Amino acid sequence: MTTMLFPTLYERLESCRWNMRSSIPWHEFDPSKLSERQKHGIKMNAILEWSAMPTAEMFLRDNSHDVDFSAFVSIWFFEEQKHSLVLLEYLRRFAPEYLPTEQELSAVRFSFDPAPPLESLALHFCGEVRLNLWYRCASLYHSEPVIKSIYGILANDEARHARAYCDYMKKELGRDGLNARLAFSKIGVLMTNARMNKAMHPTNLHVNKTLFPNDTVNGRLPDPDWLSTWLDQEIQFDSEWEIGVEKGILGNLSSLLNEDFKNAHALRTYRKDLTKNTEMA
Ligand SMILES: [Fe+2]
Ligand SMILES: [Fe+2]
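Predicted, not measured: the structure shown is a model, and the values here were computed from it. (Residues numbered from 1 in each chain as written. Chains lettered and ligands numbered in written order. Predicted model: local features only at pLDDT ≥ 70, side-chain atom pairs only at ≥ 80, totals over all residues. Heavy atoms only, no water.)

**What about the overall build of the protein chain?**
Right, on to step 1. A tally of helices and strands in the protein chain yields 11 helices and 0 strands.
Right, on to step 2. Taken from the N to the C terminus, the helices and strands of the protein chain come in the order α-α-α-α-α-α-α-α-α-α-α.
Right, on to step 3. Principal axes of the C-alpha set define a box for the protein chain whose edges measure 65 × 40 × 40 Å.
Right, on to step 4. In the protein chain, which comprises 281 residues, the share counted as buried stands at 52%.
Right, on to step 5. In the protein chain, of all internal contacts separated by at least 6 residues, the share reaching a separation of at least 24 is 81%.
Right, on to step 6. Total accessible area on the protein chain is roughly 13400 Å²; 55% of this is exposed by carbon and sulfur atoms. (Helix = DSSP H or I, 4+ residues; strand = E, 2+ residues; numbered from the N terminus. Buried < 20%, exposed > 50% of the residue type's maximum accessible area, 1.4 Å probe, protein only. Contact = heavy atoms within 4.5 Å. Areas by Shrake-Rupley, 256 points an atom, 1.4 Å probe, with all protein chains shown as cover.)

**Some words on the coordination of the iron ion (ligand 2)**
Right, on to step 1. Of the protein atoms, only Glu-80 (OE), Glu-128 (OE), Glu-128 (OE), Glu-158 (OE) and His-161 (ND1) coordinate the iron ion (ligand 2), at distances of 1.9 to 2.5 Å.
Right, on to step 2. Written as a sequence motif, the donor arrangement for the iron ion (ligand 2) is E-x47-E-x29-E-x2-H.
Right, on to step 3. Residue classification places Glu-158 among the buried residues on the basis of a relative accessible area of 0%. (Donors = N, O, S within 2.8 Å, 3.2 Å for Na, K, Ca; no water.)

**Brief notes about the environment of Lys-247**
Right, on to step 1. Turning to its location among the elements, Lys-247 is positioned in helix α10 (residues 239–257).
Right, on to step 2. On a C-alpha basis, the gap between Lys-247 and Asn-263 in space is 8.0 Å, while along the polypeptide they are 16 residues apart.

**What about the side chain of His-124?**
Right, on to step 1. The topology assignment puts His-124 in helix α6 (residues 117–141).
Right, on to step 2. For His-124, a relative accessible area of 10% puts it in the buried group.
Right, on to step 3. In this view, His-124 contacts Thr-55, Met-58, Phe-59, Tyr-165 and Pro-202; residues no more than four positions away in its chain are not counted.

**Some details on the coordination of the iron ion (ligand 1)**
Right, on to step 1. Binding of the iron ion (ligand 1) to the protein goes through Glu-49 (OE), Glu-49 (OE), Glu-80 (OE), His-83 (ND1) and Glu-158 (OE), at separations of 2.0 to 2.5 Å.
Right, on to step 2. Read in sequence order, the donor residues for the iron ion (ligand 1) give the motif E-x30-E-x2-H-x74-E.
Right, on to step 3. The metal-metal distance between the iron ion (ligand 1) and the iron ion (ligand 2) is 3.8 Å, with Glu-80 coordinating both. Highlighted residues: Glu-49 in helix α2 (residues 36–50) and Glu-158 in helix α7 (residues 145–175), separated in sequence by 109 residues. Side by side, Glu-49 and Glu-158 carry an identical accessibility label, which is buried.

**With respect to the packing of helix α1 (residues 6–15) against α7**
Right, on to step 1. Two elements in contact, α1 and α7, have axes whose closest approach is 12 Å; the angle formed by their N-to-C orientations is 170°. In terms of axis orientation, α1 runs roughly antiparallel to α7. Considering how the two elements wind past one another, α1 and α7 form a crossing that is right-handed. Contacts between α1 and α7 involve Phe-6, Leu-9, Arg-12 and Leu-13 from the former and Arg-160, Arg-163, Ala-164, Asp-167 and Tyr-168 from the latter.
Right, on to step 2. Per-class residue counts for the contact of α1 with α7 are 5 nonpolar, no polar and 4 charged. (Axes fitted to C-alpha atoms, helices over the stretch in contact; angles between N-to-C directions. Parallel < 35°, antiparallel > 145°, perpendicular 65-115°, else oblique. Left-handed = near helix turned anticlockwise from the far one by under 90°. Nonpolar A, V, L, I, M, F, W, Y, C, P; charged D, E, K, R; others polar.)

This is the structure we're talking about:
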């Protein structure tokens, strides 16, 4: 018998819920502190957040055996759509010429191939850790007060999502320990691979063989190069920030797996030993 996490997660997330009208300092908008390129970035980010829609569809389809996690997806999906909506509302108020069209939003809704649920869970946990730091970095980068505040609010939501996914990972370890260890360490190794770091966000992965190569969320944005340019040249998500992502992933995996992963190499060694022992058994 396992305990459902949905009721406590609902309480936790409800108690932190922000309000579109009253939590955003809309009246502080300062047009002199917002460039055309920044407006473009906010548009791309609004479309990127909209891609929670196909992800939620994937989660519900691949977790038909798990009512607890599926119930949580309703909250997660709501909050991610709200992230898109607050960016759309910002554009509607201050840069309506940059509002995405319905077709541009539809382009990121496409079917993902079925994926192993434990790996998807770990992948999205790592994705939320990364997103939290991207948005913290974006909040520091922007000087326009309203968007600065929005990115701070979104960063906090993404951190809470990472924690919720982590809680489900913990539950899976209690339910199917070995398979969960194999899946989580596999994804952890991929997501802390320094050479691939920036690529390793769910929105950069190929997720539908029949649409290849047009099957990544980022590739379906009106500006497919936006994310990497934004990270490298605009918000300047540099190696210091990357270290933060790695620390976040390794720290959580350490406590989940009851290990002490001081660096990505330690996790790789753990994964290798685990695979070897499993094959021998
Ligand atoms: Fe989000
Ligand atoms: Fe999130």
